[in-house]
Amino acid sequence: MTSPDSNPVRNGVIATIVGGVAMAGLAELWPPAKRALIWCWDQLVSFVALFGASYQVAGWLLAFLFILALVTVTRFITGLKTTSQEATHFQFVEDQLYGAKWRWSWANGDISNLWCFCPRCDSELVFNDNEARDIFRMNEPRTSFICEHCSSDIVARISGGDKDYALGVVRREIRRKVRLGIHATGHGSA
């Protein structure tokens, strides 16, 4: 994470000034460095001179190039906004869902390494999906997630199926929060 007082523009200006002073000092101490700096300066001046020269160009070509440049800049700015929004949701890696603390990572834009932890002692939970696998039970199938360190308390229950079904329910809830932007505050609950 960056510190709250870091400013990339200020840091860039400082780095440029320090680099310029260092290059000037190097040029005075070592003559080949001075020749290299003079050559770089000449190249920069001739490049800028290209924009000041007059050319005979058809008006339609200038209009076409202007429109092309406008479209390119617009797509670039739109791409930057999309990238920053996508990057935000990749930082969303923990949430309180169904009574347990869930953690995961992102791999190729998808949720991976999803598992739950006890909200009290942060121990990894174990699951019991026997109720979901017993076909003769009359109750709704469900999976329980149990903390072995907190007196074997049931921390979370997800109804509807076995462990894989429960993990699917949590994945769908995480993706829903990403779509709605609920993840932006960091940690929420379902």
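Residues numbered from 1 in each chain as written. Predicted model: local features only at pLDDT ≥ 70, side-chain atom pairs only at ≥ 80, totals over all residues. Heavy atoms only, no water.

Turning our attention to the overall build of the protein. When helices and strands are counted, the protein shows five helices and six strands. When the helices and strands of the protein are placed in sequence order, the string is α-α-α-β-β-β-β-α-β-β-α. For the protein, the proportion of contacts with a sequence separation of at least 24, taken over those separated by at least 6, is 36%. (Helix = DSSP H or I, 4+ residues; strand = E, 2+ residues; numbered from the N terminus. Contact = heavy atoms within 4.5 Å.)

Relative to the assigned elements, Ile-38 resides in helix 2 (residues 31–52). Note: C-alpha distance between Ile-38 and Ala-27 (eleven residues apart in sequence) is 9.6 Å.

This part takes up the sheet that holds strand 6 (residues 153–159). Strand order in this open sheet of three strands is 4-5-6, and the pairing throughout is antiparallel. Edge positions in the sheet fall to strand 4 (126–128) and strand 6, since each has one partner strand and no second. Adjacent strand axes in the sheet meet at a mean angle of 30° when their direction is disregarded. Summarising the sheet, strand 4 and strand 5 (residues 142–147) pair through three bridges and their orientation is antiparallel. (Pairing = 2+ DSSP bridges. Axes fitted to C-alpha atoms, helices over the stretch in contact; angles between N-to-C directions.)

All right, on to the sheet that holds strand 1 (residues 94–97) then. One open sheet holds the three strands; their spatial order is 1-2-3, and the pairing between them is antiparallel. Looking along the sheet, the strands with just one partner apiece sit at the ends: strand 1 and strand 3 (110–117). Averaged over all pairs of adjacent strands, the angle between their axes in this sheet comes to 30°, without regard to strand direction.

When a strand is regular, its side chains alternate between the sheet's two faces. Taken together, the four bridges between strand 1 and strand 2 (residues 100–107) define a ladder with antiparallel strand orientation. Residue pairing for strand 2: Gln-96 is matched across the bridge by Lys-101. Counted along the chain from strand 1 to the antiparallel partner strand 2, the turn is two residues long, and its residue Tyr-98 has a positive phi close to 55°. One ladder, built from six bridges, connects strand 2 with strand 3; its direction is antiparallel. Looking across to strand 3, one finds that Arg-103 is bridged to Trp-115. Between the end of strand 2 and the start of strand 3, which pair antiparallel, lie two residues, with Asn-108 showing a positive phi angle near 55°.

Now for the confidence of the model for the protein. In this model, the protein carries an average pLDDT of 78, and 83% of its residues clear a pLDDT of 70 or more. In this model residues 185–190 is a low-confidence stretch, pLDDT under 50, and it forms 14 contacts with partners more than four residues away in sequence or in other chains. (pLDDT = per-residue confidence, 0-100.)

So, about the side chain of Ser-123. Turning to its location among the elements, Ser-123 is positioned in the loop between strand 3 and strand 4. Of the residues examined, Ser-123 reaches a relative accessible area of 13% and is grouped as buried. When sequence neighbours within four positions are dropped, the list of residues in contact with Ser-123 reads Cys-116, Phe-117, Cys-118, Cys-147 and His-149. (Buried < 20%, exposed > 50% of the residue type's maximum accessible area, 1.4 Å probe, protein only.)

Let's shift gears to the packing of aromatic side chains. Scanning all chains against the criterion turns up three aromatic pairs. Aromatic pair Trp-102 and Phe-145: ring centres 5.5 Å apart, planes at 80°, arrangement edge-to-face. Of this pair, Trp-102 sits in strand 2 while Phe-145 sits in strand 5, and the two are 43 residues apart along the sequence. Residue Trp-102 shares its accessibility class with Phe-145, and that shared class is buried. Members of the aromatic cluster, joined through ring pairs, are Trp-102, Trp-115, Phe-127 and Phe-145. The ring of Phe-117 is capped by Arg-103, whose NZ or CZ atom sits 4.5 Å from the centre of that ring. (Phe/Tyr/Trp six-rings, centres within 6.5 Å; stacked < 30°, edge-to-face > 60°. Lys NZ or Arg CZ within 6 Å of the ring centre and 35° of its normal.)

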